[in-house]
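What follows is each chain in one-letter form.
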Amino acid sequence: MAGLLNDTDLPQRIGYITRVQSFSACHRLHSMALSDEDNKKIFGKCNNPNGHGHNYKVEVTVQGKIDRKTGMVMNLTDLKQYIEEAIMIPLDHKNLDKDVPYFADVVSTTENLAVFIWDSLAKLLPPNVLYEIKVHETDKNIVVYRGE
């Protein structure tokens, strides 16, 4: 039939999927590059030698072409497994500073936590799929990282 479009004539659509995951962890904000006095001034109560905890909420957003056959950017079951490997196993119910080797020399700020999560997921996901990591440390403190 003349005039009918086939799949190759349709524009390629880009979609974004966000999956939310929560985990609990503790940490102490302390930089080995600073004196104890400077750490106390900069980090305040978050520099408590015994640390403190958070119930973090992480939003993982991926992007990609919406597959014409499946209608998906990515299978959510696969994304859930990547999040389990990159976030839940290494971070949930852990002391970030003592249990996660990355933070042995990196201050465990939420900014650096977002970078850690990005790098961990980027190793598992197909190239150029990861779009954004958003970490809610509290209801009022949120960090966004896009691999820049």
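Here is a short report on the structure shown in this document. (Residues numbered from 1 in each chain as written. Predicted model: local features only at pLDDT ≥ 70, side-chain atom pairs only at ≥ 80, totals over all residues. Heavy atoms only, no water.)

### A look at the overall build of the chain
Within the chain, the secondary structure is distributed over four helices and five strands. Projected onto its principal axes, the C-alpha coordinates of the chain cover approximately 80 × 25 × 25 Å. In the chain, which comprises 148 residues, the share counted as buried stands at 36%. Residue pairs at least 24 apart in sequence account for 68% of intrachain contacts in the chain once pairs closer than 6 positions are excluded. Of the roughly 9,400 Å² of accessible surface on the chain, 50% is carried by carbon and sulfur atoms. Averaging the positions of the 17 positive and the 20 negative side-chain charges in the chain gives two centres separated by 3 Å. (Helix = DSSP H or I, 4+ residues; strand = E, 2+ residues; numbered from the N terminus. Buried < 20%, exposed > 50% of the residue type's maximum accessible area, 1.4 Å probe, protein only. Contact = heavy atoms within 4.5 Å. Areas by Shrake-Rupley, 256 points an atom, 1.4 Å probe, with all protein chains shown as cover. Lys, Arg positive; Asp, Glu negative; His and termini not counted. Charge placed at Lys NZ, Arg CZ, Asp CG, Glu CD.)

### Describing the packing of aromatic side chains
Counted by the stated rule, this structure contains six aromatic pairs. Measuring from centroid to centroid gives 5.6 Å for Trp 118 and Tyr 145, while their planes differ by 85°, and the two rings are edge-to-face. Placement of the pair is Trp 118 in helix α4 (residues 110-124) and Tyr 145 in strand β5 (residues 142-145), with a sequence separation of 27 residues. Residue class for Trp 118 comes out buried when judged on its relative accessible area of 13%. (Phe/Tyr/Trp six-rings, centres within 6.5 Å; stacked < 30°, edge-to-face > 60°.)

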